Amino acid sequence: MHSKIASNGLRRMTPYLITVGLGLSVAANAAQPESSDEAPSEIPAPTIDTDGDGVMDAWDRDGDAQPDVWDTDGDNQPDALDTDGDGKPD
């Protein structure tokens, strides 16, 4: 007879225990900082050696085999753009 009372009490408490468990998991999840799904855009390595020194220093972004972005300071980041289409940094 004692076991019926214990199981009946457990049945009554189950919804409350589930609610508390879900509340705690939601609160723990909200406390975690959001990770951005967007990875920082990575700049590909330059593919054109415009000055003939053996070091790639320009990119061909539009695929016409002509450089249109240059790395002028050697940090592998684009520094100069060709916005007018003449094939030279502006």
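Model, not experiment: these values are computed from the prediction.

Colleague: Tell me about the sheet that holds strand β1 (residues 58-59), and please be specific about residues and values.
Modeller: Strand order in this open sheet of three strands is β1-β2-β3, and the pairing throughout is antiparallel. Each edge of the sheet is formed by a strand with only one pairing partner; in this case those strands are β1 and β3 (80-81). Inspection of the sheet shows β1 paired to strand β2 (residues 69-70) by two bridges, in the antiparallel sense. Across the sheet, residue Ala-58 finds its bridge partner in β2, namely Trp-70.

Colleague: Explain unusual backbone geometry residue by residue, including any values.
Modeller: If you check the backbone angles, Ala-65 has positive phi at about 65 degrees while not being a glycine. Structurally, Ala-65 can be placed in the loop between β1 and β2. The exposure class of Ala-65 is exposed, given its relative accessible area of 60%. Phi is positive for Asn-76, close to 60 degrees, though the residue is something other than glycine. Here Asn-76 is to be found in the loop between β2 and β3.

The rules behind each value
Sequence order sets the numbering: in each chain, residues are counted from 1 along the sequence as written. The predicted nature of this model means local features are confined to residues of pLDDT at least 70 and side-chain atom pairs, given and counted, to a pLDDT of 80 or more, with totals for whole chains, interfaces and linings taken over all residues. The basis for every side-chain value is the complete set of non-hydrogen atoms in the structure, without hydrogens or water. Strands pair, by our definition, only if DSSP identifies at least two bridges between them. Numbering goes from the N terminus for both helices and strands, where a helix is a DSSP run of H or I of at least four residues and a strand is a run of E of at least two. Partly exposed residues are those whose accessible area sits between 20% and 50% of the maximum for their type, while under 20% is buried and over 50% is exposed, using a 1.4 Å probe and protein chains only.

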